[in-house]
Amino acid sequence: MATVSVDRTVKRHYGDEHGRYYSVSTVLDVVHGKPHFGSDEAMQRGTDLHRIFTLLVAAHAGLCTVPEYPTEHEGYVASMRQWITIANPEPIDIEQPRVSTLKGLPFAGTPDIIAWIHDKGKRYRTLVDLKSGQPESWHKIQVQAYGKLCPGVERHAILYIHEDGSMPTWKIVKPDARDWAAFQAAVSLLQFRETL
(Lines give C-alpha, C1' and ligand atoms only; values in the text may rest on other atoms or scores of the structure.)
Protein backbone atom coordinates (compact mmCIF):
# COMPACT_ATOMS: atom_id res chain seq x y z
CA MET A 1 0.00 0.00 0.00
CA ALA A 2 1.30 3.46 -0.91
CA THR A 3 2.13 6.00 1.77
CA VAL A 4 -0.31 8.89 1.56
CA SER A 5 0.72 12.32 2.84
CA VAL A 6 -1.46 15.31 3.65
CA ASP A 7 -0.43 18.93 3.11
CA ARG A 8 -3.24 21.45 3.62
CA THR A 9 -1.13 24.33 2.24
CA VAL A 10 -1.46 23.15 -1.37
CA LYS A 11 -4.53 22.91 -3.63
CA ARG A 12 -4.38 19.14 -3.82
CA HIS A 13 -4.05 18.26 -0.14
CA TYR A 14 -3.25 14.56 -0.49
CA GLY A 15 -0.27 13.03 -2.25
CA ASP A 16 1.57 9.79 -2.84
CA GLU A 17 4.23 8.55 -5.23
CA HIS A 18 1.70 8.64 -8.10
CA GLY A 19 0.57 12.24 -7.76
CA ARG A 20 -1.55 14.71 -5.83
CA TYR A 21 -5.29 14.58 -5.10
CA TYR A 22 -8.09 16.94 -4.09
CA SER A 23 -9.46 16.26 -0.63
CA VAL A 24 -13.07 15.12 -0.37
CA SER A 25 -13.59 18.28 1.72
CA THR A 26 -12.31 20.53 -1.08
CA VAL A 27 -14.62 18.85 -3.59
CA LEU A 28 -17.57 19.23 -1.20
CA ASP A 29 -16.90 22.96 -0.93
CA VAL A 30 -17.44 23.16 -4.72
CA VAL A 31 -20.59 21.01 -4.52
CA HIS A 32 -21.96 23.05 -1.63
CA GLY A 33 -20.92 26.40 -3.13
CA LYS A 34 -19.15 27.53 0.03
CA PRO A 35 -16.85 26.17 2.72
CA HIS A 36 -18.81 23.51 4.55
CA PHE A 37 -17.10 24.04 7.91
CA GLY A 38 -18.15 26.89 10.16
CA SER A 39 -15.96 28.72 12.62
CA ASP A 40 -12.44 27.77 13.68
CA GLU A 41 -13.95 26.77 17.02
CA ALA A 42 -16.40 24.40 15.32
CA MET A 43 -13.57 22.92 13.23
CA GLN A 44 -11.48 22.33 16.36
CA ARG A 45 -14.42 20.75 18.16
CA GLY A 46 -14.97 18.43 15.19
CA THR A 47 -11.29 17.47 15.14
CA ASP A 48 -11.32 16.76 18.88
CA LEU A 49 -14.52 14.71 18.71
CA HIS A 50 -13.26 12.64 15.78
CA ARG A 51 -10.07 11.83 17.69
CA ILE A 52 -12.05 10.85 20.80
CA PHE A 53 -14.49 8.75 18.76
CA THR A 54 -11.82 6.77 16.93
CA LEU A 55 -9.95 6.15 20.19
CA LEU A 56 -13.14 5.04 21.95
CA VAL A 57 -13.88 2.59 19.13
CA ALA A 58 -10.30 1.30 19.29
CA ALA A 59 -10.47 1.04 23.11
CA HIS A 60 -13.76 -0.87 22.87
CA ALA A 61 -11.97 -3.38 20.61
CA GLY A 62 -9.10 -3.66 23.09
CA LEU A 63 -6.58 -1.89 20.83
CA CYS A 64 -5.74 0.96 23.22
CA THR A 65 -6.75 2.48 26.53
CA VAL A 66 -9.82 4.66 26.93
CA PRO A 67 -8.83 8.24 26.02
CA GLU A 68 -9.04 11.22 28.30
CA TYR A 69 -11.06 14.14 26.97
CA PRO A 70 -12.06 17.67 27.98
CA THR A 71 -15.15 17.87 30.19
CA GLU A 72 -16.88 20.20 27.70
CA HIS A 73 -17.24 17.21 25.37
CA GLU A 74 -18.91 14.99 27.99
CA GLY A 75 -22.34 15.06 26.32
CA TYR A 76 -20.96 14.17 22.90
CA VAL A 77 -18.89 11.38 24.44
CA ALA A 78 -21.96 9.98 26.24
CA SER A 79 -23.77 9.95 22.87
CA MET A 80 -20.81 8.14 21.23
CA ARG A 81 -20.65 5.55 24.01
CA GLN A 82 -24.32 4.68 23.60
CA TRP A 83 -23.74 3.87 19.94
CA ILE A 84 -20.55 1.91 20.64
CA THR A 85 -22.33 -0.19 23.27
CA ILE A 86 -25.24 -0.98 20.95
CA ALA A 87 -23.36 -1.37 17.63
CA ASN A 88 -20.34 -3.19 19.10
CA PRO A 89 -18.13 -2.11 16.17
CA GLU A 90 -15.22 -4.35 15.20
CA PRO A 91 -12.75 -1.93 13.56
CA ILE A 92 -11.13 -2.85 10.26
CA ASP A 93 -9.56 0.56 9.51
CA ILE A 94 -9.42 3.70 11.62
CA GLU A 95 -8.65 7.02 9.92
CA GLN A 96 -6.62 5.55 7.06
CA PRO A 97 -6.03 8.05 4.21
CA ARG A 98 -7.04 6.63 0.83
CA VAL A 99 -6.75 7.81 -2.76
CA SER A 100 -9.10 7.25 -5.67
CA THR A 101 -8.22 4.62 -8.24
CA LEU A 102 -10.97 5.89 -10.55
CA LYS A 103 -9.53 7.19 -13.81
CA GLY A 104 -9.84 10.96 -14.19
CA LEU A 105 -10.99 11.50 -10.59
CA PRO A 106 -7.97 12.62 -8.54
CA PHE A 107 -9.45 12.82 -5.05
CA ALA A 108 -8.60 11.37 -1.67
CA GLY A 109 -9.88 11.37 1.87
CA THR A 110 -9.70 9.90 5.33
CA PRO A 111 -12.82 7.97 6.35
CA ASP A 112 -13.42 7.95 10.12
CA ILE A 113 -13.79 4.21 10.55
CA ILE A 114 -14.54 1.08 8.61
CA ALA A 115 -15.87 -1.60 10.91
CA TRP A 116 -17.91 -4.75 11.04
CA ILE A 117 -21.34 -3.74 12.33
CA HIS A 118 -24.07 -6.22 13.28
CA ASP A 119 -27.61 -5.37 12.21
CA LYS A 120 -30.64 -7.66 12.42
CA GLY A 121 -28.56 -10.81 12.59
CA LYS A 122 -26.22 -9.87 9.72
CA ARG A 123 -22.69 -8.51 9.78
CA TYR A 124 -21.83 -5.67 7.40
CA ARG A 125 -18.52 -4.07 6.46
CA THR A 126 -19.60 -0.49 7.19
CA LEU A 127 -18.02 2.91 6.60
CA VAL A 128 -19.03 5.21 9.46
CA ASP A 129 -18.74 8.99 9.29
CA LEU A 130 -19.16 10.92 12.55
CA LYS A 131 -21.06 14.21 12.66
CA SER A 132 -21.63 16.49 15.65
CA GLY A 133 -23.87 19.08 14.03
CA GLN A 134 -27.20 19.17 12.29
CA PRO A 135 -27.76 17.00 9.18
CA GLU A 136 -26.73 18.73 5.95
CA SER A 137 -27.37 17.69 2.34
CA TRP A 138 -23.65 17.33 1.64
CA HIS A 139 -23.16 14.73 4.40
CA LYS A 140 -24.57 11.92 2.31
CA ILE A 141 -22.43 12.97 -0.66
CA GLN A 142 -19.36 12.90 1.56
CA VAL A 143 -19.95 9.39 2.86
CA GLN A 144 -20.62 8.11 -0.68
CA ALA A 145 -17.35 9.67 -1.89
CA TYR A 146 -15.50 7.96 0.95
CA GLY A 147 -17.18 4.75 -0.11
CA LYS A 148 -15.66 5.07 -3.59
CA LEU A 149 -12.26 5.09 -1.87
CA CYS A 150 -13.02 1.89 0.04
CA PRO A 151 -13.80 -1.09 -2.20
CA GLY A 152 -15.55 -3.87 -0.35
CA VAL A 153 -17.57 -1.61 1.94
CA GLU A 154 -21.13 -2.90 2.04
CA ARG A 155 -22.80 -0.02 3.84
CA HIS A 156 -22.27 3.72 4.21
CA ALA A 157 -23.51 5.30 7.42
CA ILE A 158 -23.54 8.63 9.23
CA LEU A 159 -23.55 8.78 13.02
CA TYR A 160 -24.95 12.05 14.39
CA ILE A 161 -23.90 12.52 18.00
CA HIS A 162 -25.59 15.01 20.30
CA GLU A 163 -24.21 17.58 22.72
CA ASP A 164 -26.87 16.73 25.33
CA GLY A 165 -25.67 13.11 25.54
CA SER A 166 -28.86 11.70 24.06
CA MET A 167 -29.09 8.62 21.84
CA PRO A 168 -27.22 9.34 18.61
CA THR A 169 -28.93 9.24 15.24
CA TRP A 170 -27.79 6.44 12.92
CA LYS A 171 -28.43 6.92 9.22
CA ILE A 172 -27.67 4.38 6.49
CA VAL A 173 -26.91 6.19 3.22
CA LYS A 174 -27.88 4.40 0.03
CA PRO A 175 -25.81 5.16 -3.08
CA ASP A 176 -27.42 7.89 -5.16
CA ALA A 177 -26.39 8.40 -8.80
CA ARG A 178 -27.30 12.11 -8.64
CA ASP A 179 -25.06 12.69 -5.62
CA TRP A 180 -22.18 10.88 -7.29
CA ALA A 181 -22.67 12.87 -10.51
CA ALA A 182 -22.48 16.14 -8.53
CA PHE A 183 -19.26 15.03 -6.86
CA GLN A 184 -17.66 14.03 -10.18
CA ALA A 185 -18.70 17.34 -11.75
CA ALA A 186 -17.07 19.22 -8.86
CA VAL A 187 -13.80 17.31 -9.35
CA SER A 188 -13.92 18.17 -13.06
CA LEU A 189 -14.53 21.84 -12.24
CA LEU A 190 -11.52 21.90 -9.91
CA GLN A 191 -9.38 20.38 -12.66
CA PHE A 192 -10.69 22.93 -15.18
CA ARG A 193 -9.90 25.84 -12.84
CA GLU A 194 -6.27 24.68 -12.71
CA THR A 195 -6.00 25.33 -16.45
CA LEU A 196 -7.15 28.96 -16.27
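The notes below deal with the structure included here. Bear in mind the structure is a predicted one, so any value in this text is a computation, not a measurement. (Residues numbered from 1 in each chain as written. Predicted model: local features only at pLDDT ≥ 70, side-chain atom pairs only at ≥ 80, totals over all residues. Heavy atoms only, no water.)

With that settled, the discussion passes to the packing of aromatic side chains. Where two aromatic rings form a pair, the distance of their centres and the angle of their planes describe that pair. In the structure shown here, the tally under the stated rule is five aromatic pairs. Each ring, one from Phe107 and one from Phe183, has its centre 4.9 Å from the other, and the planes form 75°; the classification is edge-to-face. In this pair, Phe107 is assigned in strand E6 (residues 107-109) and Phe183 in helix H5 (residues 177-194), connecting sequence segments 76 residues apart. Take Phe107: its relative accessible area is 0%, and that puts it in the buried class. You can call Phe183 buried: its relative accessible area is 0%. Taken together, the ring pairs connect Phe53, Trp83 and Trp170 into an aromatic cluster. We note Lys148 situated over the ring of Trp180; from NZ or CZ to the ring centre the distance is 4.8 Å. Here the basic side chain of Arg155 rests over the ring of Tyr124, its NZ or CZ set 3.8 Å away from the ring centre. (Phe/Tyr/Trp six-rings, centres within 6.5 Å; stacked < 30°, edge-to-face > 60°. Helix = DSSP H or I, 4+ residues; strand = E, 2+ residues; numbered from the N terminus. Buried < 20%, exposed > 50% of the residue type's maximum accessible area, 1.4 Å probe, protein only. Lys NZ or Arg CZ within 6 Å of the ring centre and 35° of its normal.)

Strand order across the open sheet formed by five strands is E4-E7-E8-E9-E10, with mixed pairing between neighbours. Since the sheet does not close on itself, it has two edges, and those belong to strand E4 (90-94) and strand E10 (169-173), each with one partner. Averaged over all adjacent pairs, the angle separating strand axes in this sheet is 35°, with direction ignored. Alignment of strand E8 (residues 122-131) against strand E9 (residues 155-160), held across six bridges, turns out to be parallel. By the bridge assignment for E9, Asp129 is matched with Ile158. Sitting on the sheet, helix H4 (residues 137-148) is in contact with E8, E9 and E10, with an inclination near 125° to E8. (Pairing = 2+ DSSP bridges. Axes fitted to C-alpha atoms, helices over the stretch in contact; angles between N-to-C directions. Contact = heavy atoms within 4.5 Å.)

Backbone hydrogen bonds are what pair the strands of a sheet, in a parallel or an antiparallel way. The five strands are arranged E1-E2-E3-E6-E5 in an open sheet whose pairing can be described as mixed. Single-partner strands in this sheet number two, and they are strand E1 (5-6) and strand E5 (98-99). Both E5 and E6 contribute to a ladder of two bridges, which runs antiparallel. Bridging from a neighbouring strand, Arg98 pairs with Gly109 of E6. Strand contacts of helix H1 (residues 24-32): strand E3 (19-23) and E6, with the helix running at about 50° to E3, the strand carrying the most contacts. Relative to the sheet, H5 contacts E3 and E6, its axis offset from that of E3 by approximately 125°.

Glancing now at the pattern of salt bridges. Opposite charge on two side chains permits pairing when their charged atoms draw close. The final tally for this structure, using the stated rule, is seven salt bridges. Salt-bridge contacts for Arg155 lead to Asp119; the nearest nitrogen and oxygen are separated by 2.7 Å. Of this pair, Arg155 sits in strand E9 while Asp119 sits in strand E7 (residues 113-119); the two residues are 36 residues apart in sequence, bridging distant segments of the chain. Judged by its relative accessible area of 25%, Asp119 falls in the partly exposed class. (Salt bridge = Lys/Arg side-chain N within 4 Å of Asp/Glu carboxyl O.)

What follows deals with the nonpolar core. Judged by nonpolar contacts, the single largest core of 24 residues is most densely connected at Val24, Val27, Phe107, Leu127 and Phe183. Where this core is concerned, the elements lending two or more residues are H1, H4, E9 and H5. Here Val27 is in contact with Tyr22, Phe183, Ala186, Val187 and Leu190, once residues within four sequence places are set aside. Formed by 18 residues, the second largest nonpolar core is a distinct cluster that contains Leu56, Val57, Trp83 and Ile117. (Core = buried A, V, L, I, M, F, W, Y, C linked by side-chain atoms within 4.5 Å.)

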